[in-house]
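Chain residues, written in single-letter form:
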Amino acid sequence: MDFNVKKLASGAGLFFTRAVQFTEEKLGQAEKTELDAHFESLMSRADCTKLWTEKIYRQTEVLLQPNPSARIEEFLYEKLDRKAPSRITNAELLGQYMQDAAKEFGPGTPYGSTLIEVGEFERRLGAAEREFLQTSAISFLTPLRNFLEGDWRTISKERRLLENLRLDLDACKARLKKAKQAEAKAAMAPDFQETRPRNYVLSASASAAEHELRVAQTEFDRQAEVTRLLLEGISSTHVNHLRCLHEFVEAQAAYYKQCHFHMQELQKELGRLPNAFALNSTPSMVPAGSATDGDSTPVETDTLKIEEVQAPATGTRKAKVLYDYDAADSSELSLLADELITVYTVPGMDSDWLVGERGNQKGKVPVTYLELLS
């Protein structure tokens, strides 16, 4: 118990000495040991790395999981060292709703069959998103978090220890300076009755201060070297984070490529669905006054053929193609994104389609793929 009291008193005295030294430095009443320019540059670089790594980490979390409640839930599971339950993505949930709705509306109807098809591809998009989230969390978020919670905490701890040792060093310098000044003052104005005892005490005090200064300087230099090595390791951290950044970009590219592939496949499937986006064929009666047999029925024309459709004198417009489109059959016109084509309507055509012309080529084109220009 006596040992603990002595240790506590020693620690309190050390803390008080550091506090006094720190306060006097702030007031300009004490000298401060300055680190070299290279060391200061290393610390500034480390602080900058910590700041921006933390911002990138937080914003990447928001990108991958926009729901703050879900992020808090995942954080709590992580702190409790428990595995978070698997969460269905929004696209998968939408796909499930579409397929459930199709069962109610009737899977054999045009709307029901389309809902089933779109719902399936939405679920595929959701699965691709979940895989992207898992890959990004492992390859990008985890290394950033490991730096903030591991390497940076170690660097911060060693920097605090270095600062404390610097305060101790400067306090020793101040004590030695005061002892030297007292010794010089005594030598300038000696007291002949007590010259030897007082000079001896002052000399001993100066010698003790010099010894404390040497010890403090050694500890400070050793800690400065340890801290410097850790700060120089920031370069390796940058290299590691650069590799992780490349992996994150590759995961993003693969995810968006997969989404684009699924959407193209969905568009093709929608074009093949029965009765979907078909041209309405309207029966045409024989003009009045034409000859007919007595028992004959009105003559109907064949289904509207695109190659026989003539562009009207007025009503044609220019249109910009928004996305690539592959023609499902010979009556349709394949499109390339960003190209300009001429479009117009014809009687009897579904409102979701127009007739498009590109040079000598002509065919049906979906309105949703176009931006009509004035």
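Residues numbered from 1 in each chain as written. Predicted model: local features only at pLDDT ≥ 70, side-chain atom pairs only at ≥ 80, totals over all residues. Heavy atoms only, no water.

For the chain, the name recorded in an unreviewed UniProt entry is Endophilin-B1, with Labrus bergylta as its organism. Here the chain is described in UniProt, under the heading Sequence similarities (unreviewed entry), as follows: "Belongs to the endophilin family." (UniProt positions renumbered as here; feature names shortened; annotations may be inferred.)

Honestly, the packing of aromatic side chains in this entry has me stumped. Any pointers?
For any pair of aromatic rings, geometry is given as the distance between the ring centres together with the angle between the planes. Counted according to the given criterion, the structure contains nine aromatic pairs. Arranged with centres 4.7 Å apart and planes meeting at 15°, the rings of phenylalanine 140 and phenylalanine 248 form a pair that is stacked. In this pair, phenylalanine 140 is assigned in helix α5 (residues 110-188) and phenylalanine 248 in helix α7 (residues 234-272), connecting sequence segments 108 residues apart. In this structure an aromatic cluster arises from ring pairing among Phe132, Phe140, Phe248, Tyr255 and Tyr256. Here lysine 364 stacks its cationic end above the ring of tryptophan 353, 5.2 Å away from the centre of that ring. (Phe/Tyr/Trp six-rings, centres within 6.5 Å; stacked < 30°, edge-to-face > 60°. Helix = DSSP H or I, 4+ residues; strand = E, 2+ residues; numbered from the N terminus. Lys NZ or Arg CZ within 6 Å of the ring centre and 35° of its normal.)

For this particular structure, what's the right way to read the pairing of strand β4 (residues 361-366)?
The side chains of a regular strand alternate between the sheet's two faces. Two elements, strand β3 (residues 353-358) and β4, share six bridges in a ladder whose sense is antiparallel. Across the sheet, residue arginine 358 finds its bridge partner in β4, namely glutamine 361. (Pairing = 2+ DSSP bridges.)

Explanation requested: empty space enclosed by the protein in the structure shown.
One way to see where empty space is left: roll a probe the size of a water molecule over the atoms. Applying the stated criterion to the full structure yields one cavity of 30 Å³ or more. Surrounding the largest cavity, Gln264, Gln267, Lys268, Asp324, Tyr325 and Asp326 form its lining. When grouped by side-chain class, the residues that make up the lining of the largest cavity number one nonpolar, two polar and three charged. In terms of domain composition, the lining of the largest cavity takes at least three residues from each of domain 1 (13-272) and domain 2 (316-373). (1 Å grid on protein atoms, 1.4 Å probe; cavity = no way out; pocket = protein on both sides within 12 Å on 5 of 7 lines; lining within 4 Å. Points joined across faces, edges and corners; volume = space filled by probe spheres on them. Nonpolar A, V, L, I, M, F, W, Y, C, P; charged D, E, K, R; others polar. Domains from an automatic or database assignment.)

What am I meant to see in the UniProt feature "coiled-coil region" (unreviewed entry) in the chain here?
Following the UniProt record, one finds the feature "coiled-coil region" (unreviewed entry) at residues 155-182. Structurally, residues 155-182 comprises 100% helix and 0% strand, and the distance from its first C-alpha atom to its last is 41 Å.

Please explain the nonpolar core as it appears in this structure.
Judged by nonpolar contacts, the single largest core of 34 residues is most densely connected at Phe132 and Leu231. Counting residues per element, the ones that place at least two in this core are α2 (37-64), α5, α6 (195-232) and α7. In terms of residue count, the dominant contributor to this core is α5 (15 residues). Discounting residues that sit within four places of it in the chain, leucine 231 has contacts with Phe39, Leu42, Met43, Ala46, Ile155 and Arg159. If you look at the next biggest cluster of nonpolar residues, it comprises 16 residues, including Tyr325, Met349, Val355 and Val365. (Core = buried A, V, L, I, M, F, W, Y, C linked by side-chain atoms within 4.5 Å. Buried < 20%, exposed > 50% of the residue type's maximum accessible area, 1.4 Å probe, protein only. Contact = heavy atoms within 4.5 Å.)

Which parts of the structure should I look at to understand the layout of surface pockets?
Here the largest pocket defines a volume of roughly 1600 Å³. Taken together, 43 residues line the largest pocket, and the ones lying closest to its centre are Gln65, Glu74, Leu133, Ala137 and Leu141. Of all elements in the fold, only α2, α3 (68-79), α5 and α7 reach the threshold of two or more residues within the lining of the largest pocket. In terms of residue count, α5 provides more of the lining of the largest pocket than any other element does, 14 residues in total. Class assignment for the residues of the lining of the largest pocket results in 20 nonpolar, seven polar and 16 charged.

I would appreciate a short explanation of the side chain of glutamate 92 in the present structure.
You can see glutamate 92 is positioned in helix α4 (residues 90-105). A distance of 2.5 Å separates a polar atom in the side chain of glutamate 92 from a polar atom in the side chain of arginine 130. (Polar contact = N/O pair within 3.5 Å; in protein donor to acceptor, adjacent residues only side chain to side chain.)

Teacher, can you tell me more about the environment of leucine 133 here?
Within the secondary structure, leucine 133 is located in helix α5. In the structure, leucine 133 is positioned 119 residues away from glutamine 252 in sequence and 9.4 Å away in space, judged by C-alpha atoms.

Teacher, can you tell me more about the confidence of the model for the chain here?
Note that predicted coordinates carrying low pLDDT should not be read in detail. Predicted confidence across the chain gives a mean pLDDT of 80, with 75% of residues reaching 70 or more. The secondary-structure element of the chain with the lowest mean pLDDT is helix α1 (residues 2-26), recorded at 62, while α2 shows the highest, at 95. Within the model, the stretch residues 275-303 combines pLDDT values under 50 with 22 contacts to residues more than four positions away or in other chains. (pLDDT = per-residue confidence, 0-100.)

I would appreciate a short explanation of the sheet that holds strand β5 (residues 370-372) in the present structure.
The pairing of strands in a sheet comes from backbone hydrogen bonds and takes either a parallel or an antiparallel form. The antiparallel open sheet is built from five strands, whose spatial order is β4-β3-β2-β1-β5. In the strand order of this sheet, the two ends are held by β4 and β5, each with one partner. On average, each strand axis in the sheet is inclined to that of its neighbour by 40°, with strand direction left out of account. Sheet analysis places strand β2 (residues 340-344) next to β3, joined by three bridges and oriented antiparallel. (Axes fitted to C-alpha atoms, helices over the stretch in contact; angles between N-to-C directions.)

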